[in-house]
Structures are given as structure tokens and as C-alpha cells.
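Single-letter residue listing:
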Amino acid sequence: FLKSCSTNGFVDYNSQQVFDEHDDGLKAKQRAKALIGEALRARVESIDHEFCEPGEEDTFFVADLGEVYRQHMRWKKNLPRVKPFYAVKCNPDNKLLELLSALGTGFDCASKAEIEQVLKLGVEPERIIYAQPCKTNSYLRYVASQGVRQMTFDNTDELRKIARLYPGAELFLRILTDDSSSLCRLSLKFGASLDSTDGLLALARELGLNVVGVSFHVGSGASDPNAFLKAVQDAHVVFQQAAAHGFCLKTLDVGGGFCSDNSFEDMAGVLRVALDEYFPAHSGVNIIAEPGRFYASSAFTLACNVIARRTIQDVSSNSYMLYLNDGLYGNFSSIMFDHQHPVAKILLSGGRFLYNTPAAEAVDDNDESGIEYSIWGPTCDGIDRISERIRFAREIDIGDWLYFEDMGAYTKCSATTFNGFSNEHEVIYVCSEPGAKALLGL
Ligand code: PLP
């Protein structure tokens, strides 16, 4: 059919290829859902809710490492010139780091503990960038002792500190970006403005330091691809300024900010074109990036138990407040710190396992059959609310389970133990990609 419609065999060949890839993608997603569902079911069904010990019904994650593998393939396809240095802060899960290490990524670390964790995996110091423009003195001495040379700076005080503690470091000048379209703005805190970069490069030269590159970050969860274009243009200006000071910069670090949803392809498209224009392959400049949420977000599903319920009686219909065993002070810290809106789905209700079925999903506001819920965390604080208002077609009761997808980024890493609730939750690993399994020796 395709051939008979075609004016040109090449177009047909491409569209056929796209179709096949899409089909493979769908199959992989189905495979992943089946594995995640099995893991969720086995764990939840293993709990005797009437007699279990405290903690046995705790919230838990299912992580699909195959999803991380697919994201890496997606990255390579869209940004083949850009080597990712995974931002460990986003989710320092050791198995996730192990897989990324096996895939050959680098790592962006911001503290001694992160650097130590990555080095322990056997990652070479050259694959680490200490991407924190304002570093702790003792951490600087530590990285010097470990041979981690690459690091960022954005101000004169930091340059003087580095000159004193680690003059042999390889420095990236982090520049300011327009991050107004991002979820988490970073330029309020970090980044040198373009009118200060010349002075910083002059001081670096005077102090005998080794500036090797420029870095930027367009803000975490960025939504305007043009922020990348502008930042690449600015970085190009700084490369020229550096050359005038006698530095031969060899690396551009385009930071993080990439989302894992469909916006990634648009974002990557704009970045690719900008790089090809301002830093073409023949310029010899290496391009690296520091993606975090792009790799981690979609790989983790969180399951939570309904520990309590309050019925709100109304003349026409009841609504309910549901209390879960996880909340804003726990793995839903992403609501507070990362401006996320996690969406609840029903995992187990009235003994029925509903994962990945239409019955698991919330219904429309105007769906008459819907019952209204608000969803709360377990602490005594009134701000500990996960969802103000959501409707499901079923009644949800104490002992039922809900699940939340896309819970891998900036969740468990910023969970606290407030009110005595544990922040160490089980992670059950599955792997829906044979390629990832092979790398991990599974
Ligand atoms: N690099 C730096 C310096 C950051 O501060 C962050 C996030 O705060 C990241 C990378 C990762 O950003 P994202 O998860 O949006 O990719």
C-alpha cells in the first residue's frame, strides 16, 4: 500500500521505519506495564493487612530499569553529539547509577557524598563533573585527592578559593540563562552574567587557573526550547572572550532541564540546530549535558496504602478525605520542591487489582458516577495534601492501594523523616529491556 502511494521510495522507506519503531515502542511499553503490574501485585498481595507488622504495608516503588535504557536510546537518537552526565541529585538510586555507568554516561555531582557514591561504582574521575559553583572547602580538598578535576565556577570568590585549594582543577564558567519558563529556576542563585564573564576570565588567567569550558542550565523542567538557543549563543560569545584571554576552551556543558515527555524531541531539535550552527562538529568542541529528570522520572512508580478515611456527609452525596502512608514530607516532596502534580490511580480496591485498567483512572469532573476525594499524607501538618480534588468511579476505602506514575525525579531524594515516618522505602526493580538486563548481568 505504501509503495503504491509513494512518489519516492525513500520517503516510504522512512515512514515504514518510523512505523516499525513506533510499534516497537508500543510493545516495549506493554512489556513494561506487564512487568510493573506483576511486581505491584505480588508485593501488595504478600501483605496481610489485618495482622502485618508496622512498616510492612509501607509505601514502595517499582523501578523499571528498562525505561532508563529506552530513555538513553532516545537521548542518543536526538542528541548524538551530546554526552550525558546524569545529575545524581535527581535520584541517587544505586541501581539506576549502575545501569547508567554501564551505558557509559558521565555523572554530575554536587557534593562529596554524591562523588563518593559514583566513584564506588568504579566510574573514572574523568567521567565526573563537580557541577556546583559554590563548593565546600573540605569537599574541594576531597575531590583534589580523588582526581576529580572538572568543576564549575561563576564568581571571583570561588576562583580565589579554587586557586588556593585546587589550582590544577579544570574549570567551567557557568553563565546565567533566561530560565523564566522552567519549573525550578536556578539562575536566581547561580550563573555569571555576560557583563561579568570577561572579568572572571581575566582573573582566572591572573591566578594561573585552567578554564576549559562553559556551562549553563536553562532551569529544571524547562519548557521554552529557545532558552537553549539563547544560552548556546551566549556560550559562543564566552568562548570568544576566553580565546582573547589565551584560553583554548574544549567543552560546552549544556546542563539539564530536559523533560521526559514529548517536549523532549522539540527541545533537542532546537538545541541540535543551535549546536550545529555555533559549535559545529568540525570546531572540535566536546558537548556534554547534565540531564536528571529526563532519565529518572518515568522509570519509577510509587504505591501507597490508604491508612485512613474521613467521610464528608453532604445532602446529595458523600465525599471522602483519604489519608495515605506517604505525603509531602515523604516521596511527594516533589509537590513542594519540584512543582509537580502527581496523579493518583487505583491499584487495589475492594480486593480488585486495577493497575493499568480504565477503572484505575480518575473520571471527569462532570461524570455523574464519580465520587469526590481529596488525598492527604500521614503527618499532622495541614499542608501535607497530595491532591485537593479528584474523582473516581469507585468507592475507595481504608486498606486499598493507590499508585502514582512518573515518580522518579526529585522525590525520594528529598523525602524527610518528619513525624517519625521512615523515608527509606523499598524499591522493587524490574527490567523491561533485554539490552539493559545484559548490561547489568541479570
Ligand atoms: N545540573 C545542575 C547544576 C542542576 O542544578 C540540576 C538540577 O537542579 C541539574 C543539572 C538537573 O536538572 P534536570 O533534572 O532538570 O535535568
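What counts and how
Residues numbered from 1 in each chain as written. Predicted model: local features only at pLDDT ≥ 70, side-chain atom pairs only at ≥ 80, totals over all residues. Helix = DSSP H or I, 4+ residues; strand = E, 2+ residues; numbered from the N terminus. Rg over C-alpha atoms; globule rule 2.2 N^0.38 Å. Contact = placed C-beta atoms within 7 Å. Near = placed C-beta within 6 Å. Nonpolar A, V, L, I, M, F, W, Y, C, P; charged D, E, K, R; others polar. UniProt positions renumbered as here; feature names shortened; annotations may be inferred. Buried ≥ 20, exposed ≤ 12 C-beta atoms within 10 Å, placed from the backbone. Domains from an automatic or database assignment. pLDDT = per-residue confidence, 0-100. Expected span 1.5 Å × (residues − 1). Axes fitted to C-alpha atoms, helices over the stretch in contact; angles between N-to-C directions. Parallel < 35°, antiparallel > 145°, perpendicular 65-115°, else oblique. Left-handed = near helix turned anticlockwise from the far one by under 90°. Arc of directions from axis to C-beta. Core = buried A, V, L, I, M, F, W, Y, C linked by C-beta atoms within 7 Å. Pairing = 2+ DSSP bridges.

A. Quick look at the overall build of the chain. Secondary structure summary: the chain contains 13 helices and 17 strands in total. The globule rule puts the C-alpha radius of gyration for 442 residues at 22 Å, and the 24 Å found for the chain is close to it. For the chain, the spread of C-alpha atoms along the principal axes amounts to about 75 × 65 × 45 Å. Sequence separation of at least 24 residues holds for 71% of the intrachain contacts in the chain that already meet a minimum separation of 6.

B. Quick look at the site of the ligand. Neighbouring the ligand are 17 residues; Ala-87, Ser-220, Gly-256, Glu-290 and Gly-292 lie closest to it. A per-class count over the shell around the ligand returns 7 nonpolar, 7 polar and 3 charged.

C. The arrangement of the UniProt feature "modified residue: N6-(pyridoxal phosphate)lysine" (unreviewed entry) in the chain in detail. UniProt's entry tags Lys-89 with the feature "modified residue: N6-(pyridoxal phosphate)lysine" (unreviewed entry), counted in the numbering of this structure. Positionally, Lys-89 belongs in the loop between β2 (82-87) and α4 (94-103). Judged by local crowding, Lys-89 falls into the buried class, with 21 C-beta atoms found within 10 Å.

D. The domain arrangement of the chain, seen in detail. For the chain, the assigned domains are domain 1 (47-62 + 297-430) and domain 2 (65-295). Counting residues at the interface gives 12 residues for domain 1, matched by 14 residues for domain 2. By residue class, the composition of the side of domain 1 that touches domain 2 is 6 nonpolar, 4 polar and 2 charged.

E. Fine view of unusual backbone geometry. Of note in the backbone geometry, Asn-356 takes a positive phi value of approximately 60° without being a glycine. The residue Asn-356 is located in the loop between β13 (352-353) and β14 (371-376) in this model.

F. Expanded view of the confidence of the model for the chain. Mean pLDDT over the chain works out to 92, with 95% of the residues at or above the 70 mark. Predicted confidence for residues 1-20 stays below pLDDT 50, and this span has 6 contacts to residues more than four positions away or in other chains. Under the prediction, the complex receives an ipTM of 0.99, its pTM being 0.93.

G. Region of interest: helix α3 (residues 65-78). The end-to-end C-alpha separation of α3 is 20 Å, in line with the 20 Å expected for 14 residues at 1.5 Å each. For α3, the set of buried residues is Leu-65, Gly-66, Glu-67, Val-68, Tyr-69, Arg-70, Gln-71, His-72 and Trp-75.

H. The arrangement of the packing of helix α9 (residues 226-244) against helix α10 (residues 263-278) in detail. Look at α9 against α10: their axes get within 8 Å of each other, and the N-to-C directions meet at 20°. The pairing of α9 with α10 is recorded here as roughly parallel in orientation. Taken as a pair, α9 and α10 cross one another with a handedness that is right-handed. Residues Asn-226, Phe-228, Leu-229, Val-232, Gln-233 and His-236 of α9 form the contact with α10, whose participating residues are Met-267, Val-270, Leu-271, Ala-274, Leu-275 and Tyr-278. Class assignment of the residues belonging to the contact of α9 with α10 gives a composition of 9 nonpolar, 3 polar and no charged.

I. Structural context of α4. Along α4, the residues that are buried comprise Leu-96, Leu-97, Leu-99 and Leu-100. Angularly, the buried residues of α4 cover 160° about the axis, an arc narrow enough to put them on a single face. Residues of α4 that are buried in the fold lie against α3, β2, α5 (112-120), α11 (293-296) and α13 (434-440). Gly-104 sits one or two residues past α4 and shows a positive phi near 90°.

J. Region of the structure containing the environment of Cys-52. Within the element layout of this structure, Cys-52 appears in the loop between α2 (9-45) and β1 (60-64). In this structure, the C-alpha to C-alpha distance between Cys-52 and Ser-215, residues 163 residues apart in sequence, is 51 Å. Ignoring any residue separated from it by four or fewer positions in sequence, one finds Cys-52 in contact with Ile-47 and Glu-57.

K. Up close: the nonpolar core. In this structure, Leu-171, Leu-173 and Leu-347 are the most contacted members of the largest nonpolar core, which totals 124 residues. Looking at this core, the element that brings in the most residues is α9, giving 8 residues. Two domains share this core, each providing at least three of its residues, namely domain 1 (47-62 + 297-430) and domain 2 (65-295). Contact partners of Leu-171, with chain neighbours within four places excluded, come to Met-151, Phe-153, Ile-162, Ala-204, Leu-209, Asn-210, Val-211 and Val-212.

L. Structural view of the packing of helix α6 (residues 137-146) against helix α7 (residues 156-165). Put simply, α6 and α7 touch, their axes get as near as 10 Å, and they point 45° apart. In terms of orientation, α6 and α7 fall into the oblique class. Where α6 crosses over α7, the two elements pack in a sense that is right-handed. Taking contact as the criterion, the partners of Asn-137, Leu-140, Arg-141 and Ala-144 in α6 are, on α7, Lys-161, Ile-162 and Leu-165.

M. Structural view of the environment of His-341. Topologically, His-341 is positioned in the loop between α12 (333-337) and β12 (344-349). A C-alpha to C-alpha distance of 7.9 Å links His-341 and Ser-387, two positions 46 residues apart in sequence.

N. Looking closely at the sheet that holds β2. Ordered in space as β2-β3-β4-β5-β6-β7-β8-β9, the 8 strands form a closed barrel in which the pairing is parallel. Here the average twist between neighbouring strands, direction ignored, is 30°. Pairing between strand β5 (residues 150-153) and strand β6 (residues 170-174): 4 bridges, direction parallel. Pairing of Thr-152 across the sheet is with Phe-172, part of β6.

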